[in-house]
Amino acid sequence: MASTIPDPHPGPRGVHDAPPSSDRPGHIEAHGIDYIPERERHGRPRELFTVWAAANVNYLSLVVGGALVLMGLNLWQALVVIVVGNLFWGLTGLLATSGPAAGAPSEVITRAMYGIRGNRVNNAITGWVISVCYFALNLAAAATAAFALVEKTGLPANTGVRIAVILGIATLTLTISVYGHALIVKLYLPITIALAAAFGVVAYSVLVHADFGYAPDTSLTGVDLWATLIAGVTIIASGPLSYTTSADFSRYLPRTASRRAVAGWTALGGFLPSVAVCSLGALAATAVDMTDPQTALEKILPGWFTSVFLLALVLGTIAINALTAYSAGLALQAIGIRIRRSLSVVVDGVVAVSLTLYALFVSNFLDTVSNVLQLTVVLLGPAMALYATDILLRRGRYDGPALTDESHGSPFWYTAGVNWAGALALGAGVTAAALCVNTAYTGAVAAALGGVDLALPAGIVVTSAGYALLMRNSPTVLTARAEA
């Protein structure tokens, strides 16, 4: 059923397949965090599949899959963990349904959960800071592969060349992000096909050498086994949980777009390639030492394919970082900084490149950032749970124009600009997760359980239950239900 919220700029029916001038591949995207009127909506939900697939056929998934075996799991335990952890893409798909409903990005829709002012804090932390850190980490990983590719051409990868490579990769990434949504949708189909072909060769080489009966010399049992299994699921789940911004890429779809299709194509776009590539990483770990994945995989890949493989690693990282930079740019706007979306993306890129250069040439800063990001599940798990619960409470109904109203008269102003129900529920969920975590430190609950890390389920359950209880009689929720 279509939303009954009136569109202040209704458009004629039957024109949603033709992109408007504000969202065409060869033009810089005109919209930022503003409302997308119905007459400018276009496209079909199936386009979302390649957007998410291109971003998830990547080197990181290979590394994570291999890490599960290095943690002491046998092959089949690792494969089960990979499937279970990637089921969290279902939440990413659910969040994507709010985009067509509101005609706004996630960074604006979350005003319904935190209030106008509260949401600025939310975007500053979960939206901007974490995104920029991920951008820097991914850029460093891509640069490492690119350095190896440069050396294969016979050129020395000296400091000047390395800086040029980093700047080149960043420029390509930011160009895609600046041009925005339409270019992403257009480019990511051929990128998905190219990456699938490259990883197909990797798959053949891995399968030929894999030991399908692999088990470690000393098998994990009891508490140690459960602790490792749960930790593995948490590591895998951190991928889909990091995408609390999936509405950013679905908001141009018509309001009448099938919610099931939006959720399904988004979830499948993340789930299928993530399961496939993570599984390749686990299979590879039964044949080679995945503590140094790039070098190890080169031993079993055809000699002629090594350079193609390195290029694919760079391309995959560009695809994922373009989405990250795009959302980070929207987050910068949603914080309250008056800046064009295209310029905000450039600002994010400059910060991320600066962090990467500092890390690679001056300090081990990225190691520190990496350790911090291991704890992001403590925040991102509860944040995604709260968002998903809000969608269910409102039955998928969002008033896009009202969400863009930042005045004191906005229905989402709540109390002094803060929705304390959202803030308290998130705080309780983060606290519960922090007590249960066993990553960079061991929380009190994890210590009592012998090291079993229940941060992910604890954070999700506490946040979701608390928010549902506190928001059950909220006027904005009751209004949305009435319109369903």
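Details of the packing of helix 9 (residues 159-179) against helix 10 (residues 181-209)
(1) Moving on: The N-to-C vectors of helix 9 and helix 10 enclose an angle of 120°; their axes lie 5 Å apart at closest approach. On the basis of their axis angle, the class for helix 9 and helix 10 is oblique. Across from Thr 175, Ile 176 and Tyr 179 in helix 9, the residues of helix 10 making contact are His 181, Leu 183, Ile 184, Leu 187 and Tyr 188.
(2) Moving on: Residue classes in the contact of helix 9 with helix 10 are distributed as 6 nonpolar, 2 polar and no charged.

Considerations on the nonpolar core
(1) Moving on: Core analysis: the biggest nonpolar cluster contains 135 residues, and Ile 109, Tyr 188, Leu 297 and Tyr 398 have the highest contact counts within it.
(2) Moving on: If one sorts the elements of this core by residue count, helix 14 (residues 306-334) sits on top with 16 residues.
(3) Moving on: For Leu 297, the residues in contact, after removing those within four places along its chain, are Leu 62, Val 206, Ala 284, Met 290 and Phe 309.

Some points on unusual backbone geometry
(1) Moving on: Even without being glycine, Tyr 414 reaches a positive phi, approximately 55°.
(2) Moving on: By the element assignment, Tyr 414 lies in the loop between helix 18 (400-403) and helix 19 (420-436).
(3) Moving on: Its relative accessible area of 23% is what places Tyr 414 among the partly exposed residues.
(4) Moving on: Positive phi, normally seen in glycine, also occurs at Ala 416, with a value near 55°.
(5) Moving on: Mapped onto the fold, Ala 416 is located in the loop between helix 18 and helix 19.

Observations regarding the packing of aromatic side chains
(1) Moving on: What the rule picks out here adds up to 9 aromatic pairs.
(2) Moving on: Between Trp 52 and Tyr 243, the aromatic rings sit 4.9 Å apart at their centres with planes inclined by 80°, giving edge-to-face as the arrangement. Separated by 191 residues along the polypeptide, Trp 52 in helix 1 (residues 47-56) and Tyr 243 in the loop between helix 11 (222-241) and helix 12 (259-284) bring together distant segments of the chain.
(3) Moving on: Measuring from ring centre to ring centre gives 5.5 Å for Trp 304 and Phe 305, while their planes differ by 75°; the resulting arrangement is edge-to-face.
(4) Moving on: A residue is classified by how much of its surface remains accessible, and Phe 305, at 2% relative accessible area, is buried.
(5) Moving on: Following the ring pairs from residue to residue traces out a cluster consisting of Trp 52, Trp 89, Tyr 243, Phe 249 and Tyr 326.

Section: the confidence of the model for the chain
(1) Moving on: Here the chain shows a mean pLDDT of 90. Residues at 70 or above account for 93%.
(2) Moving on: Note on residues 1-6: pLDDT is under 50 here. Beyond four places in sequence and across chains, it has 13 contacts.
(3) Moving on: Throughout residues 11-15 the model reports pLDDT below 50, and contacts reaching past four residues in sequence, or to other chains, amount to 3 contacts.

Observations concerning a nonpolar patch on the surface
(1) Moving on: Residues Val 80, Val 83, Val 84 and Leu 87 make up a contiguous nonpolar surface patch of about 320 Å² in total accessible area.
(2) Moving on: Inspection of the secondary structure assignment puts Val 84 in helix 3 (residues 75-86).
(3) Moving on: For Val 84, a relative accessible area of 35% gives the class partly exposed.

A closer look at the pattern of salt bridges
(1) Moving on: Applying the stated criterion across every chain yields a total of 7 salt bridges.
(2) Moving on: Taking the shortest distance from any N to any O, the salt bridge between Glu 38 and Arg 41 comes out at 3.7 Å. With respect to class, Glu 38 is no different from Arg 41; both count as buried.
(3) Moving on: Taking the shortest distance from any N to any O, the salt bridge between Glu 406 and Arg 120 comes out at 2.9 Å. Here Glu 406, found in the loop between helix 18 and helix 19, pairs with Arg 120, found in helix 8 (residues 116-152); they are 286 residues apart in sequence, far enough to count as distant.
(4) Moving on: On the basis of relative accessible area, Arg 120 is assigned to the partly exposed category, the value being 29%.
(5) Moving on: In the salt-bridge network here, residues are joined through shared partners; they are Glu 29, Arg 251 and Arg 341.

Observations concerning helix 11
(1) Moving on: Along its 20 residues, helix 11 runs 28 Å from first to last C-alpha, staying within 8% of the 28 Å computed at 1.5 Å per residue.
(2) Moving on: When we look at burial in helix 11, the residues that qualify are Leu 225, Ala 227, Thr 228, Leu 229, Gly 232, Val 233, Thr 234, Ile 236, Ala 237, Pro 240 and Leu 241.
(3) Moving on: Against the buried residues of helix 11 lie helix 2 (59-70), helix 3, helix 4 (89-96), helix 12, helix 17 (376-393) and helix 21 (455-471).

A short note on the side chain of Asp 348
(1) Moving on: Looking at the element boundaries, Asp 348 is found in helix 15 (residues 341-361).
(2) Moving on: It turns out Asp 348 is buried and unbridged, and the closest side chain with the opposite charge, Arg 341, is 8.6 Å from it.
(3) Moving on: Not counting the four nearest positions on each side in its chain, Asp 348 is found in contact with Trp 128, Val 132, Ala 325, Ala 328, Gly 329 and Leu 332.

Looking at the environment of Ala 482
(1) Moving on: Examined against the element boundaries, Ala 482 turns out to sit in helix 22 (residues 475-483).
(2) Moving on: Separated by 88 residues in sequence, Ala 482 and Arg 394 have C-alpha atoms that sit 9.1 Å apart.

Points about the environment of Leu 280
(1) Moving on: Topologically, Leu 280 is positioned in helix 12.
(2) Moving on: By relative accessible area, Leu 280 is classed as buried at 9%.
(3) Moving on: For the pair Leu 280 and Met 290, spaced 10 residues apart in sequence, the C-alpha separation works out to 11 Å.
(4) Moving on: Filtering out sequence-adjacent residues up to four positions away, Leu 280 remains in contact with Leu 62, Phe 199, Ala 203 and Val 206.

Some remarks on the packing of helix 9 against helix 14
(1) Moving on: Where helix 9 contacts helix 14, the two axes come as close as 8 Å, and the packing angle between them is 50°. Classed by the angle they form, the pair helix 9 and helix 14 counts as oblique. Here helix 9 and helix 14 pass one another in a crossing that is right-handed. Contact with helix 9, carried on its side by Ile 169, Leu 172, Thr 173, Leu 174, Ile 176 and Ser 177, involves Val 314, Ile 318, Asn 321, Ala 322, Ala 325 and Tyr 326 of helix 14 and no other residues of that element.
(2) Moving on: Partitioning the contact of helix 9 with helix 14 into residue classes produces 9 nonpolar, 3 polar and no charged.

Cut-off values and rules
Residues numbered from 1 in each chain as written. Predicted model: local features only at pLDDT ≥ 70, side-chain atom pairs only at ≥ 80, totals over all residues. Heavy atoms only, no water. Axes fitted to C-alpha atoms, helices over the stretch in contact; angles between N-to-C directions. Helix = DSSP H or I, 4+ residues; strand = E, 2+ residues; numbered from the N terminus. Parallel < 35°, antiparallel > 145°, perpendicular 65-115°, else oblique. Contact = heavy atoms within 4.5 Å. Nonpolar A, V, L, I, M, F, W, Y, C, P; charged D, E, K, R; others polar. Core = buried A, V, L, I, M, F, W, Y, C linked by side-chain atoms within 4.5 Å. Buried < 20%, exposed > 50% of the residue type's maximum accessible area, 1.4 Å probe, protein only. Phe/Tyr/Trp six-rings, centres within 6.5 Å; stacked < 30°, edge-to-face > 60°. pLDDT = per-residue confidence, 0-100. Patch = residues over 30% accessible without salt bridge, like charges linked within 9 Å, V, L, I, M, F, W, Y side chains within 5 Å. Areas by Shrake-Rupley, 256 points an atom, 1.4 Å probe, with all protein chains shown as cover. Salt bridge = Lys/Arg side-chain N within 4 Å of Asp/Glu carboxyl O. Expected span 1.5 Å × (residues − 1). Lys, Arg positive; Asp, Glu negative; His and termini not counted. Left-handed = near helix turned anticlockwise from the far one by under 90°.

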